[in-house]
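Structural overview
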Amino acid sequence: MSSVESHQEQLPHSDPTPSPNSCSSFELIDMDASSLYEPVSPHWFYCKIIDSKETWIPFNSEDSQLLEEAYGSGKDCNGRVVPTDGGRYDVHLGERMRYAVYWDELASEVRRCTWFYKGDKDNKYVPYPESFSQVLEETYMLAVTLDEWKKKLESPNREIIILHNPKLMVHYQPVAGSDEWGSTPTEQGRPRTVKRGVENISVDIHCGEPLQIDHLVFVVHGIGPACDLRFRSIVQCVNDFRSVSLNLLQTHFKKAQENQQIGRVEFLPVNWHSPLHSTGVDVDLQRITLPSINRLRHFTNDTILDVFFYNSPTYCQTIVDTVASEMNRIYTLFLQRNPDFKGGVSIAGHSLGSLILFDILTNQKDSLGDIDSEKDLPNIVKDQGDTPTLEEDLKKLQLSEFFSIFEKEKVDKEALALCTDKDLQEMGVPLGPRRKILNYFRTRKISMGINRPTLQSDSGVNVSNIPKESDFCSSSDGTGNDDYLDVGIGQVSVKYPRLIYKPEIFFAFGSPIGMFLTVRGLKRIDPNYKFPTCKGFFNIYHPFDPVAYRIEPMVVPGVEFEPMLIPHHKGRKRMHLELREGLTRMSMDLKNNLLGSLRMAWKSFTRAQYPALQASETAEETEAEPESSSEKPSDINTEETSVAVKEVPPINVGMLNGGQRIDYVLQEKPIESFNEYLFALQSHLCYWESEDTVLLVLKEIYQTQGIFLDQPLQ
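Residues numbered from 1 in each chain as written. Predicted model: local features only at pLDDT ≥ 70, side-chain atom pairs only at ≥ 80, totals over all residues. Heavy atoms only, no water.

1. Comments concerning the overall build of the protein
A count of helices and strands for the protein gives 22 helices and 22 strands. Taken across its 714 residues, the protein has 43% of its residues classed as buried. In the protein, of all internal contacts separated by at least 6 residues, the share reaching a separation of at least 24 is 72%. About 38,600 Å² of surface is accessible on the protein, with carbon and sulfur atoms providing 54% of the total. (Helix = DSSP H or I, 4+ residues; strand = E, 2+ residues; numbered from the N terminus. Buried < 20%, exposed > 50% of the residue type's maximum accessible area, 1.4 Å probe, protein only. Contact = heavy atoms within 4.5 Å. Areas by Shrake-Rupley, 256 points an atom, 1.4 Å probe, with all protein chains shown as cover.)

In structure tokens form, the structure reads like this:
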């Protein structure tokens, strides 16, 4: 209690008369309820910089309880680490700091909070420092126990806090311009409200996330550092995507959750923009950038040029290496932190990120068997295991007896490719074997210099050897099966890294894959083609997205059909779409009936001059007419209401998605349908908070585990 007394001795005793800034009506409160002191319940918060302003955010109830248990365990807090936020952040209890686990992020301060005051510009409450909160709590305890109020304290920042009674506690800021000679702060200015305990402030505290993780999804961003109209990073956007998924699991997979069949799906972001722009290319670009319209040019260099970087062999190699190595690194770290994880892995890409993943998946190899056995080798990122070993190469050349010589000299394939004839002679290799080895590695060096097959020339002559397993796309002339080439031919000098796991599903959001394949000179996709290591592929887009393109017309170029319409997460179609279809059907019915009536009138008019034939022919015509009139409207309906009719028969779109449909289109909102151009940019960035998109992802993921929605959407 000495700290309380020292604080109170520094200040004059308060006058029993009410201060001019306090309201006497607040003091006339029944004190019987406050005669017994109960300790305050602490809650843990962390500080985030949002819009250049500190914002204190509460941990969810489960994490706060874990932190409080670790704090009150009696053990030394130094070096104590508590995982929070589903294992995505670690709290170092002794430092009172919170660190991101899977990505780079500034560390944030953590506090054990009991007392709060209202901030300046908003209604959010700010927690006092832990030491001063303890002083406030001790003062409050004395006031309640002794029933002596009007306690006045001064904070380390020379702010005045007055505890008038349990229901009225205020905070005064120090007066600007006061001298530094120890003058006592006065009660001036507008008082701020002070609250004790998190239950007395308006703040949303979530319950927490299920501990069980059923599936892991890596999310790769598109161009630029910002991923939505609020200029937020991929980490923040994926946080929204994850939050929407947790809400939908509670509403659409309620039975499976009650039966403890499912936990949750973990979504982790993959950032490749920062490593790309840390290569020094920004400095080089700045030297050649014009000084005019500076902001627009900076936006172009930081965002739009990412597309050109990906088409550059040099920077494309950096991008694919970064994406693959990051996914491998995060996957390895995730397994270390979740040793009981038995679920699968899927990947998702937005915009250019989907094209990066498409090229990486296309260039994977599945010839060495199960990749799951390589979980213990997380550092192997490059596609080195797909090429023969030195021993296998020598065996192919019938020179196995020289392997021991190279092994003794510690010469591997890379070193042998650099050896000259003199080097081999010094190692004791005869002339004939030397020539065979040098010729073999010289040939391989030429072919491996261009890792992927190059595009077929205009004359139709293939300029490289095409592996059988990469038969994928046809060239522009489209003659024969030998014309099927690999997708990755757009990056002729790129060596694609190998993933250390097999993705189950690939989700593409607002993807330009179809456009890039076409620009690379590929007109169609072999219906029998599928990713070497990935079973599923869903191309999800908004109808007004200016960057999105379809995939299915490249598989079935001769057939016109609509994409699959993604159901609304609340069931059925959106009301304006149903209204539009209803009006279309009604107008078609009116049109058909009107045409039928006019046709009958015209025929009766032309037959009026043949009264002798009216009795016989009219009966025949009237019997035949309903058939023709009934056939004609059905033909028109089939053409003009294609969405309702054409999706009924099964459409074979190849094996790229295991025989299922590939293109899935979202339903636009009613306000978006008024002006497509006005909402074009927003449509490209809508996927992070789209319940329909998230629900489709969850539905397809859990279907692989035999778990389905509570009620199938229509």
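There is more to say, and it comes next.
2. Points about the state of the cysteines
Summed over all chains, the structure comprises zero disulfides. Considering cysteine sulfurs only, C237 is the nearest to C227, which forms no disulfide, with 4.8 Å between them. (Disulfide = S-S within 2.5 Å.)

3. Concerning the nonpolar core
Core analysis: the biggest nonpolar cluster contains 101 residues, and F218, F506 and F537 have the highest contact counts within it. With ten residues, the single largest contributor to this core is helix α9 (residues 313-337). The next biggest cluster of nonpolar side chains, apart from the first, holds 16 residues, and it includes L390, L424, V429 and I437. (Core = buried A, V, L, I, M, F, W, Y, C linked by side-chain atoms within 4.5 Å.)

4. Side note on the pattern of salt bridges
A full pass over the atoms with the stated rule returns 24 salt bridges. Across the pair E209 and R264 runs a salt bridge, and its minimum N-O distance is 3.2 Å. Taken together, the residues span a long stretch of sequence, with E209 in the loop between β12 (192-196) and β13 (213-220) and R264 in strand β14 (residues 264-270) at a distance of 55 residues. Per residue, the accessibility class of E209 equals that of R264, and both read buried. In this structure, R287 and D284 form a salt bridge, with 2.7 Å as the shortest nitrogen-oxygen distance. Of this pair, R287 and D284 both sit in helix α7 (residues 281-288), three residues apart, which is roughly one turn of the helix. R287 gets classed as exposed once you look at its relative accessible area, which sits at 62%. Here D284 falls in the partly exposed class, since its relative accessible area comes to 37%. The structure contains a network of salt bridges with shared partners spanning R88, E209, R242, R264 and E266. (Salt bridge = Lys/Arg side-chain N within 4 Å of Asp/Glu carboxyl O.)

5. Considering the pairing of strand β6 (residues 108-113)
Across four bridges, strand β1 (residues 43-50) lies against β6 in antiparallel orientation. Opposite F45, over in β6, you have R111 as the bridge partner. Judged from the two bridges that link them, strand β5 (residues 97-100) and β6 form a sheet pairing that is antiparallel. From the neighbouring strand, M97 faces β6, where its bridge partner is E109. (Pairing = 2+ DSSP bridges.)

6. Focus on the pairing of β1
Here six bridges tie β1 to strand β2 (residues 53-58), and the two strands are oriented antiparallel to one another. Bridging from a neighbouring strand, I49 pairs with E54 of β2. What sits between the antiparallel neighbours β1 and β2 is a turn of two residues, in which D51 has the positive phi angle 55°.

7. As for the packing of aromatic side chains
By the definition in use, this model includes 27 aromatic pairs. Summarising the aromatic geometry, the rings of F358 and F531 are spaced 5.3 Å apart at their centres and angled 80° between planes, so their arrangement reads as edge-to-face. With a gap of 173 residues between them, F358 in helix α10 (residues 352-362) and F531 in the loop between β19 (524-525) and β20 (536-541) connect regions that are remote in the sequence. Consider the rings of F538 and Y664, whose centres lie 5.3 Å apart with planes at 50°: the pair is tilted. In this pair, F538 sits in strand β20 while Y664 sits in strand β22 (residues 663-665), placing the two residues 126 residues apart along the sequence. Classification of Y664 by relative accessible area gives buried; the value is 9%. An aromatic cluster of at least three residues, connected via ring pairs, comprises F241, F267, F509, Y687 and W688. (Phe/Tyr/Trp six-rings, centres within 6.5 Å; stacked < 30°, edge-to-face > 60°.)

8. Looking at the sheet that holds strand β3 (residues 81-84)
What the six strands build is an open sheet, ordered β2-β1-β6-β5-β4-β3; its pairing is antiparallel. The outermost strands of the open sheet, each flanked by one partner alone, are β2 and β3. In this sheet, neighbouring strand axes are inclined to one another by 35° on average, regardless of whether the strands run parallel or antiparallel. Where strand β4 (residues 89-92) lies against β5, four bridges are found, and the strand directions are antiparallel. By the bridge assignment for β5, H92 is matched with M97. (Axes fitted to C-alpha atoms, helices over the stretch in contact; angles between N-to-C directions.)

9. Side note on the packing of helix α4 (residues 234-252) against helix α22 (residues 691-703)
It is at 9 Å that the axes of α4 and α22 come closest, and there the two elements cross at 65°. By the angle between their axes, α4 is roughly perpendicular relative to α22. Where α4 crosses over α22, the two elements pack in a sense that is right-handed. For the pair α4 and α22, the contacting residues are F241, V244, S245, L248, L249 and H252 in the first and E691, T693, V694, L695, V697, L698 and Y702 in the second. Considering only residue class, the contact of α4 with α22 consists of nine nonpolar, three polar and one charged. (Parallel < 35°, antiparallel > 145°, perpendicular 65-115°, else oblique. Left-handed = near helix turned anticlockwise from the far one by under 90°. Nonpolar A, V, L, I, M, F, W, Y, C, P; charged D, E, K, R; others polar.)

10. So, helix α8 (residues 294-310)
Between its terminal C-alpha atoms α8 stretches 24 Å, which fits the 24 Å expected from 17 residues at 1.5 Å a residue. The sharpest bend along α8 comes to roughly 45°, located at I304. Among the residues of α8, N301, D302, T303, L305, D306, F309 and Y310 are the ones counted as buried. Tucked inside the fold, the buried residues of α8 contact α6 (273-277), α7, α9 and α10. (Expected span 1.5 Å × (residues − 1). Bend = angle between axes of the 7 residues up to and from the residue.)

11. Points about the sheet that holds strand β9 (residues 151-154)
Strand order in this open sheet of six strands is β8-β7-β12-β11-β10-β9, and the pairing throughout is antiparallel. Strands at the two margins of the open sheet, each flanked by one partner only, are β8 (125-127) and β9. Strand-to-strand twist across the sheet, computed as the mean angle between neighbouring axes with direction ignored, equals 30°. Sheet topology places strand β11 (residues 168-172) next to β12; two bridges connect them, and they run antiparallel. By the bridge assignment, H171 is partnered in β12 with R192. Of the strands in this sheet, β7 (115-118), β9, β10 (160-165), β11 and β12 touch helix α3 (residues 130-146), which is tilted by about 165° from β9.

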